[in-house]
Structures are given as C-alpha cells and as structure tokens.
Amino acid sequence: MAYDKFNILRSTAVPLPIENVDTDQIIPARFLKATERIGFGDNLFRDWRYNADNTPKKDFALNNSVYDGKILVGGKNFGSGSSREHAAWAVYDYGFRCVVSSFFADIFKNNCLNIGVLPVQVSPGFSERIFTAIIADPKTELEVNLPDQTITILSTGETETFEISPYKKDNMMNGFDDIDYLQSIKTEIQEFAANLPL
Amino acid sequence: MFDKVWDTHVVRKIEGGPDVLFIDRHLIHEVTSPVAFLGLKSRGIRVLYPERTFATADHNTPTINQHLPVADPLSANQLRALESNSKEYGISYWGLGHQKNGIVHVVGPEYGITQPGATIVCGDSHTSTHGAFGAIAFGIGTSEVEMVLATQCIMQPKPKKMRITVNGKLGRGVIPKDVALYIISRLTTSGATGYFVEYAGDVFENMSMEGRMTVCNMSIEMGARGGMIAPDETTINYVKGREFSPKGEAWDKALAYYRTLKTDPDAVFDKELTFDGSAIEPMITYGTNPGMGMGISHDIPDAAHVEGGAATYEKSLNYMGFSEGEHMIGKKVDFVFVGSCTNGRIEDFRAFTSLVKGKHKADGVTVWLVPGSHIVESQIKEEGLLDILTEAGFSLRQPGCSACLAMNDDKIPAGKYAVSTSNRNFEGRQGPGARTMLASPLVAAAAAITGVVTDPRTLIEELV
C-alpha cells in the first residue's frame, strides 16, 4: 500500500526515556484481533497509558498535555520482541511519523520503513541531548531532514546525521513500497524459482 | 553455512539496498495475515505460489472445548478470515479441529514443511525455531507477508553473522531451555540485534531436534533475526519420511544438498562468542525481558551490576514485586504454564513428567499443560505420560499458543506469579499485570509440585 511521502518533518516530540520498549508494550496482544488496519492508535501503549478501569495514567508521557508532536523519542532497543506490524501501525495511527532512538530492534525498524514511519537512529549522546532539551522545554522542535539524512534540535542547533539505505530513502521520499518493485521483476522471480535446489 | 543458504536464494541484489530473497516455505496464522490479504485484494493480485504457503490457526484458539464455536467474536472473526482467505487463494489450511492444527512452529517441522537449507518466513518472530534444521528462518511483518504472498520474495539486507559456541557437558537438570536463557542473559535482550546466529559446539550437536528448536526459537530474544544449527544425521533422521519432505529421487537430490550445508573450517564471523556448557545452571528470569535471567540459586543482581539504565531496571523489578539481592528460590508461584513454540514438544512433557512422577501438584497452584500440536498430544497419551500426570493431579489442555501471549482466555490474572516455559516475560505478556518467570519444563515441574520457585536438582537424584 503506498503511503505518505516523507521529506522534511519539523515537529515537537514526545519523550519516552525507557529502554527495551517491546512491541507487547507498544500494543498488547489482546488488541491484535482486528482484520483491518484501523483504530490501533487508540491502544498504543495501552497498559502504560491507561489503568485497568480505562482511566488515563497521568504520569505517562502520552497523557501529559505538555507533550505533543509527530515525533516519538524512545530509549535504547526500541521495538524489541514480537514481529507484530500492528506496533508500527499503532505508532502511525496515533499520529507519529518518525521514531527516534539510539538503537532499534530489527523487525520493528523494518516494519516502520514498510509503512512510512521513519526510524531515526542517533548516537546515545545525541539521544540524551534530545531528552534533556524536550524535558526542559516541551515546545522544543526537532527537524528531521530525510534528503540530507540529518536530525536537528532547533533550539540549540545541535545536529547529527543518520543512516538509511538509498533504496529505502527513495521509497520513503516517493511513497513507493516493496511490492511495487517486486511485482516489476516477477518474471525474473519465476525463472529463478524454476532452478532452486529444493 | 548461512552464506550458502542465503546466497542460493538471492534473486537479485539491489545497488544501495536490500537483497531480493526468494522464500521456499511461508507459514501464516490468523493474527498477522488478514491485512496482507486485504492488500492483495486492493491491488487485485493473486498469490504467486499458493503451494508454498501453509496456514494454521494458533494464536487466538481456545485450549479447552475446541469442538465448540469460539466464544470471543473478534477471535472467531479472525479465525474465519484465515479460513476464507486460505480457501480463496488455494492455500492449505489447518484450522481449529483439523488433525494437523497446532502451533505454527511445532506443526511446520512435524509435517516436514521445515527443510534444511530452505528459506522460511512467517509473520511471527519465533519463526527462528526452524533454524534448528539449518534453514534460514525468521519473523516478518504483515507488509512482508503480503510481499511473500504476492511474489514469494522479500527485501532484506543481509545480516551480519555471529557464531555462538558452547562446549562441555551440561550439568544435572540442565536442559536446552537453560542453555538458551543462559546465552540470552549473557548477551542481553539486544546483544545479537543485526546478526544471524550460528550455534556450534558439542552441546548443540548432542541435542535432539526438539532441544535445538528450543534454542533457535529463543534467538530473537537476544535481538537476532534467527539462529541456525548445521544439519547432521539427527536432522536428516528427523526430516526423512515426513509428509511434506521430498520423496524418492527428490529425496536423494535433497539429501545431497543437505550434506553441503556445513560451516567451512575457515568461515569468518563478524562476532564469535564461546561459553562453557558445564557452567550453566537451571535458569530462571526475575525481570521483564528475557535477558534478565540467572542461575536459579543466585540472588537478584543490584542495578549497579547490570547493563543499561538503573531507572529501567528499577521499573522492571517494581513490576515484578522483587528487590535487589533477594533469592529466587522460595518465591511463591500461583500459575505454571508448560507449552508454546519454545517448550510445547514431546521432550518438554517428558521432562515435566519425569519430575512430577509419584508426586502431587501443590495446592493453590494452577497448572496449564498445553501441547504444541495434536501429534504431541497423542504422544503424551501413547507414551503413558498422561496417566502419570493424571495420577499427580494434572490435566492436559488442547493445542495452541495459549498463555504465552494470552490472546485467548488463558490469561494469568494481574499481580499473580507464573513460572512459564514460554519465551517472553514482558510486562502484561501473559495477561494485564501478570508477572512471568521464564524457565525450563523441569523448573516448571519443580514449581508445580512445591508451589514455590524450587531448584529441580534438589527434588530427585536422577534427572533426565
């Protein structure tokens, strides 16, 4: 499914300075029962966000009205565990278009790239500076520039470059997906399959 | 070995991008496939090779009264979607009630869908299980499920390679799950992210296929996409003659290919780790990720001695209701869960039964024994294990993922403690507020008969 094109995103950010945030926290398994990709944002971080009686937990960042924006900044090893793409869908559906962390789990990172959420991996030091800046002033804006592969804390001007493969960058900037590409080489795939050892 | 299998399956390499990797076998289940089928419908495309995809229902299914309609309307709807999608696209479908129904990573190997040297994917991170056969097997997201349905390929950058060698004789009461939990405790939950692991050494060579599957299954819990073990006679004996294994001339050809799947003596790895198997104890976890494990006789470490932030560590212990420096032995256990794609195979039930034989279930402990498939269920009955279990006060449920991820009704209540043979102790994994301690089937058995965390080595002289 083609998704929104990503170019330059300038936004405030929501800080979640917790390490090893696994996809069971991002969206618990009991909310994976839909057969369509709708409504997952409501249950993003469900058990950290709401009490058992569905009242909001006031100290959780998503419930703190001072924090807002299209960028989620997480701690180290973000998105570990289950391969559920529903975690990336929940992040997207809630309104985030970019997740920043000093380290991502592989499958979550891939899933994000496949649905148009940009995972930006920064150094541990830069991650700390982002947290410090947002917590000191929640109105701090970050600029994520995909063409230049940079992320900048606008209030201080501190900036860092990030990695993305040229192929995925092109996909993100143009809203293409892998199936468009794979469909275009179908004949080559079928010839390849005819000569496999198994 | 990894390179051989990977390179054999690369359709094309994209300049500055991933490899286009051909997938031999694709497994699907009800939770991560419906949106992929919707994608196919909206694009108006068919499944390219329906004979290479196999569907089974497992995540949502009840583990009692499977002959009755599924009560939860959302679960029932998801199960119906898998059935109708499979029928519409000509995919073999093993739904609830089908003799071949069971946990996807248990039935795949049992029916010979899993083959050495194959590429295998599934929208489930524990697809790494199939690496036990020398396959490249890993979990994928739903967008990738759609790619495989549409084109039998996915786009993947080639991961780095790590070799983990464990030599030495395992101690009494130490079984494959302990080896897996030990390695993860040493690497942490992200220590192998970006890598594909090859397990080597006599500890793995001496393991049965069931044991190897347990180890490879847990590879994802240290961040690795997958883990694999070179196929040998144990592998070939397991694979031979299974329903979907090659037959006749095709078998001879396949066998010749399997025998090429060795790791060259001069193979180079991006990272090499070696552990001493004799140093491993029965393991248990005390925190909220699988890397937070230790030998069962140890005390919970201080924050100062663990890698990572103190705040995250404190949050984790608070969730568990534990404190630094406490013993794990003697802690109260409310639930015991034996099952899942990690430990839902016949050997796991043999191990559990060996320890509870002639003893009795502790009062106040709820024990769920959930076989991974109908084959495992039949073996438990045929080998006489069920009689021993019944005598000891236990009963058997029906196959499925069950309390591992608690998508069905098998949920551990908030605040309760469970010793589980499954793979994840994340917050709320086994039900909102549930507190999970991961361990082997032997440690689970020791907890089931004592009602507290117990070192299985203290219970009987001669363990399996």
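Each chain has its residues counted from 1, running along the sequence as written. Just so you know, chain letters begin at A and ligand numbers begin at 1, following the order they were written in. Per-residue local features of the predicted model are confined to residues with pLDDT of at least 70, and side-chain atom pairs are confined, for both listing and counting, to 80 or more; whole-chain, interface and lining totals are unaffected and use all residues. Water and hydrogen atoms were dropped before computing side-chain values, which therefore reflect all heavy atoms in the structure.

**Thoughts on the overall build of chain B**
Line of reasoning, step 1. Along the backbone of chain B there are 16 helices and 18 strands.
Line of reasoning, step 2. Here the globule rule reads 2.2 Å times residues to the power 0.38, and the radius of gyration is calculated from C-alpha atoms. The C-alpha radius of gyration of chain B comes to 21 Å, within 12% of the 23 Å expected for a compact globule of 464 residues.
Line of reasoning, step 3. If you line up chain B on its principal axes, its C-alpha atoms span 55 × 55 × 45 Å.
Line of reasoning, step 4. Partitioning the intrachain contacts of chain B with sequence separation of at least 6 by distance along the chain shows that 75% fall at a separation of at least 24.
Line of reasoning, step 5. In the structure as shown, chain B presents an accessible area of about 15,100 Å², 51% of it carried by carbon and sulfur atoms. Every helix listed is a DSSP run of H or I at least four residues long, and every strand listed is a run of E at least two residues long, numbered separately from the N terminus. Contacts between residues were defined by any pair of non-hydrogen atoms, one from each residue, lying within 4.5 Å. Per-residue and other accessible areas were derived by the Shrake-Rupley procedure at a 1.4 Å probe size, with only the shown protein chains allowed to occlude residues.

**Let's talk about the sheet that holds strand 2 (residues 71–74) of chain A**
Residue and element names in this part refer to chain A.
Line of reasoning, step 1. Ordered in space as 4-3-2-1-5-6-7, the 7 strands form an open sheet in which the pairing is mixed. The open sheet has two edge strands with one neighbour each: strand 4 (118–121) and strand 7 (158–161). Averaged over all pairs of adjacent strands, the angle between their axes in this sheet comes to 25 degrees, without regard to strand direction.
Line of reasoning, step 2. Examined bridge by bridge, strand 6 (residues 150–153) and strand 7 share 4 bridges and lie antiparallel to one another. Note on strand 7: the bridge partner recorded for T150 is T161. For two strands to be treated as a pair, DSSP must find no fewer than two bridges joining them. A fitted line through C-alpha atoms represents every axis, and for helices the fit uses only the stretch in contact; the resulting angles, taken between N-to-C directions, go from 0 to 180 degrees.

**What to know about the interface of chain B and chain A**
Line of reasoning, step 1. Taken together, the contact pairs 73 residues of chain B with 55 residues of chain A.
Line of reasoning, step 2. Should a side-chain nitrogen of Lys or Arg be within 4 Å of a carboxyl oxygen of Asp or Glu, the pair is scored as a salt bridge. Here chain B is connected to chain A by 5 salt bridges.
Line of reasoning, step 3. Taking the shortest distance from any N to any O, the salt bridge between B:R429 and A:D24 comes out at 2.9 Å.
Line of reasoning, step 4. Pairing of N or O atoms within 3.5 Å defines a polar contact, subject to two protein rules: one partner must be a possible hydrogen donor and the other a possible acceptor, and residues neighboring in sequence count only if both atoms are side-chain atoms. Run the count over chain B and chain A and you get 21 residue pairs in polar contact (both at pLDDT 80 or more).
Line of reasoning, step 5. Elements supplying a minimum of two residues to the side of chain B that touches chain A: strand 1 (10–13), strand 2 (19–22), helix 2 (34–43), helix 3 (73–89), helix 5 (142–151), strand 8 (153–156), helix 10 (248–258) and helix 11 (310–320) of chain B.
Line of reasoning, step 6. It is helix 5 of chain B that contributes the most residues to the side of chain B that touches chain A, 7 residues altogether.

**Some words on empty space enclosed by the protein**
Line of reasoning, step 1. In this analysis, the protein atoms alone were mapped onto a 1 Å grid. Cavities are point sets where a 1.4 Å probe fits without being able to get out; pockets are open sets with protein on both sides within 12 Å along at least five of seven lines; lining residues have an atom within 4 Å of a point. Grid points are joined across faces, edges and corners, and a volume is the space filled by probe spheres set on the points. Under the counting rule described, the total for this entry stands at 4 cavities of 30 Å³ or more.
Line of reasoning, step 2. Each pocket or cavity is described by its volume, and for the largest cavity that value is around 220 Å³.
Line of reasoning, step 3. Contributing to the lining of the largest cavity are 24 residues, with B:H59, B:D124, B:H126, B:L405 and B:R429 lying nearest its centre.
Line of reasoning, step 4. Elements with a contribution of two residues or more to the lining of the largest cavity: helix 4 (104–110) and helix 12 (340–343) of chain B.
Line of reasoning, step 5. Classes in brief: Ala, Val, Leu, Ile, Met, Phe, Trp, Tyr, Cys and Pro nonpolar; Asp, Glu, Lys and Arg charged; the others, Gly included, polar. Of the residues in the lining of the largest cavity, the class split is 9 nonpolar, 11 polar and 4 charged.
Line of reasoning, step 6. A volume near 100 Å³ is recorded for the second largest cavity.
Line of reasoning, step 7. As for the second largest cavity, its lining consists of 13 residues, of which A:S80, A:G81, A:A105, B:I220 and B:G223 are closest to the centre.
Line of reasoning, step 8. Here the residues of the lining of the second largest cavity sort into 4 nonpolar, 7 polar and 2 charged.

**Some details on the state of the cysteines**
All names here are of chain B.
Line of reasoning, step 1. When two cysteine sulfur atoms lie within 2.5 Å, the pair is treated as a disulfide. Tallied over the full model, the rule gives 0 disulfides over all chains.
Line of reasoning, step 2. In this structure C401 is not part of a disulfide, and its nearest cysteine sulfur, from C341, lies 6.6 Å away.
Line of reasoning, step 3. Take C401: its relative accessible area is 7%, and that puts it in the buried class. Exposure is judged per residue with a 1.4 Å probe applied to protein chains only, and the accessible area is read against the type maximum: over 50% gives exposed, under 20% gives buried, and values in between give partly exposed.

**Some thoughts on helix 3 (residues 86–94) of chain A**
Each α-helix turn comprises 3.6 residues. Residues three or four places apart therefore point the same way.
Line of reasoning, step 1. Burial analysis of helix 3 of chain A places 7 of its 9 residues in the buried class, the great majority of the element.
Line of reasoning, step 2. When we look at burial in helix 3 of chain A, the residues that qualify are A:H86, A:A87, A:A88, A:W89, A:A90, A:V91 and A:Y92.
Line of reasoning, step 3. In the core, the buried residues of helix 3 of chain A are packed alongside helix 1 (23–26), strand 3 (98–101) and helix 4 (106–115) of chain A together with helix 2 and helix 5 of chain B.
Line of reasoning, step 4. A:G95 occupies a position one or two residues after helix 3 of chain A and carries a positive phi of about 125 degrees.

**Focus: the packing of helix 13 (residues 346–356) of chain B against helix 16 (residues 441–450) of chain B**
Packed helix pairs are specified by the crossing angle of their axes together with the interaxial distance, meaning the distance between the axes.
Residues and elements named next belong to chain B.
Line of reasoning, step 1. One can describe the packing of helix 13 onto helix 16 by two numbers: an axis separation of 8 Å at closest approach and a directional angle of 35 degrees. For the pair helix 13 and helix 16, the crossing hand works out as right-handed. Of the residues in helix 16, those in contact with D348, A351, F352, S354, L355 and V356 of helix 13 are P441, L442, A444, A445, A446, A448 and I449.
Line of reasoning, step 2. Grouping the amino acids of the contact of helix 13 with helix 16 by side-chain chemistry returns 11 nonpolar, 1 polar and 1 charged. Helix crossings are classified by the rotation of the near helix relative to the far one: an anticlockwise turn of less than a right angle makes the crossing left-handed, while a clockwise turn makes it right-handed.

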